[in-house]
Amino acid sequence: MYKIANSSHHFTNSSLIFQPKPQLLGGPREIDLSDKSHPIYDIVKESLVSLGKTENGDTYSFVRINSATSQVVAGIAYKANLDVKDSDSKDVKCDLDVWERSWLTPSREVKFNCDNTKRYTFRQRRSVDAEPPKFIPGGPIPIDDFENDEKVQNIVKTSLVSFNGEEGNAYKLHRVLGATKKVVSGVLYEINVEFKREDPDKVLKCKLAVWERSWLKENGTQTDVTCDEDKKKYTFFA
């Protein structure tokens, strides 16, 4: 167990306003569209830009996302129903399917099916202007299914308890943004998260770096928590 000053805090995400419908493990997960920082907004807008640059593509302007889901399937599959406008400012509805596999180049397979009888299929990089990801042997390996990965969730849970106990904080998990692992004289996990509290309302972006060395009898796990707000590093051992 982590050695902390106050162990009365418990991990929970019940403070989230958005409560998705119960879903099957591994099935599509409803996306909270009230969270304007969710990656689905960038994915949709980048897909529309890329569509306009394809040989037989048309130009559409973004209006809104009506609904969206994500599903882990050898990568992540996003589905979204959109309202857009064509080049004549006419309203068009489209179903967008994006299959993202970060280890491929280009990493996205994009399909548009619109109610003006037009369909488009093309491949796209993860960001319109970004270089494809390069993975160096021995370097960090992305954990694609970080939202459901049991190891990642356990790390976030114990790190949050320790972080709250350090200075009497009352943060809860808002969301996990991404995670990697790297073999380096043990295993190093790096996880980007957002913690949230209600009184006063505040969202804190933090990076968790957890270095596991299972052969050590004491202090075999070192956890460093660094947050954007003050750049102060909190270190815990277990």
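If you're wondering where the values come from, they're calculated on a predicted model, not measured in any experiment. (Residues numbered from 1 in each chain as written. Predicted model: local features only at pLDDT ≥ 70, side-chain atom pairs only at ≥ 80, totals over all residues. Heavy atoms only, no water.)

A. Structural context of the packing of aromatic side chains. Counting across every chain of the model gives five aromatic pairs. On the basis of an interplanar angle of 20 degrees and a centroid distance of 6.4 Å, the ring pair of Phe112 and Phe122 is categorised as stacked. Of the two residues, Phe112 is situated in strand E5 (residues 108–114) and Phe122 in strand E6 (residues 119–124); the sequence distance between them amounts to 10 residues. Here the two residues Phe112 and Phe122 agree in accessibility, since each one is buried. Seen from their ring centres, Phe163 and Phe195 are 5.9 Å apart, and the 35 degrees between their planes marks the pair as tilted. Taken together, the positions of Phe163 in helix H2 (residues 150–167) and Phe195 in strand E9 (residues 187–198) put the pair 32 residues apart, joining distant regions of the chain. Among the aromatic residues, those joined into a ring-pair cluster are Phe163, Tyr171, Phe195 and Tyr234. Lying across the ring of Trp99, Arg101 places its NZ or CZ 3.5 Å from the centre. Between the NZ or CZ atom of Arg213 and the centre of the ring of Trp211, over which it lies, the distance is 3.7 Å. (Phe/Tyr/Trp six-rings, centres within 6.5 Å; stacked < 30°, edge-to-face > 60°. Helix = DSSP H or I, 4+ residues; strand = E, 2+ residues; numbered from the N terminus. Buried < 20%, exposed > 50% of the residue type's maximum accessible area, 1.4 Å probe, protein only. Lys NZ or Arg CZ within 6 Å of the ring centre and 35° of its normal.)

B. Local environment of the confidence of the model for the protein chain. Put simply, the protein chain has an average pLDDT of 81, and 83% of its residues get 70 or more. Segment residues 1–18 is flagged for pLDDT under 50; beyond a separation of four residues in sequence, or across chains, it makes 34 contacts in the model. Low pLDDT, under 50, characterises residues 128–133; the predicted model gives this stretch 10 contacts beyond four residues in sequence or across chains. (pLDDT = per-residue confidence, 0-100. Contact = heavy atoms within 4.5 Å.)

C. Geometry of the pattern of salt bridges. If you walk through the whole model with that rule in mind, you get 14 salt bridges. Between Asp58 and Lys118 there is a salt bridge, with its nearest N and O atoms 3.1 Å apart. Here the residue Asp58 occupies a position in the loop between helix H1 (39–53) and strand E2 (61–72), and Lys118 occupies one in the loop between E5 and E6, the gap between them amounting to 60 residues. When its relative accessible area of 36% is taken as the criterion, Lys118 is described as partly exposed. The salt bridge partner of Arg108 is Glu100, with a shortest N-O separation of 2.7 Å. Accessibility assignment for this pair places Arg108 and Glu100 in one class, buried. When salt bridges with common partners are traced through the structure, they connect Arg101, Glu109, Lys111 and Arg123 into a single cluster. (Salt bridge = Lys/Arg side-chain N within 4 Å of Asp/Glu carboxyl O.)

D. Quick peek at the nonpolar core. Membership of the largest hydrophobic core comes to 25 residues, with the highest contact counts inside it found for Ile40, Val44, Ile65, Leu82 and Phe112. Taken together, the elements giving at least two residues each to this core come down to H1, E2, strand E3 (76–85), strand E4 (91–100), E5 and E6. In terms of residues, this core owes the most to one element, H1, which gives six residues. Setting aside anything within four residues of it in sequence, one finds Ile40 in contact with Ile31, Leu33, Ile65, Ala68 and Tyr78. Ranked by size, the runner-up nonpolar core spans 23 residues in total, among them Val152, Tyr189, Val210 and Val225. (Core = buried A, V, L, I, M, F, W, Y, C linked by side-chain atoms within 4.5 Å.)

E. Local environment of unusual backbone geometry. The phi torsion at Ser89 lies on the positive side, around 65 degrees, for a residue other than glycine. The residue Ser89 is located in the loop between E3 and E4 in this model. Classification of Ser89 as exposed rests on a relative accessible area of 53%. If you check the backbone angles, Ser185 has positive phi at about 50 degrees while not being a glycine. Inspection of the secondary structure puts Ser185 in the loop between strand E8 (172–183) and E9.

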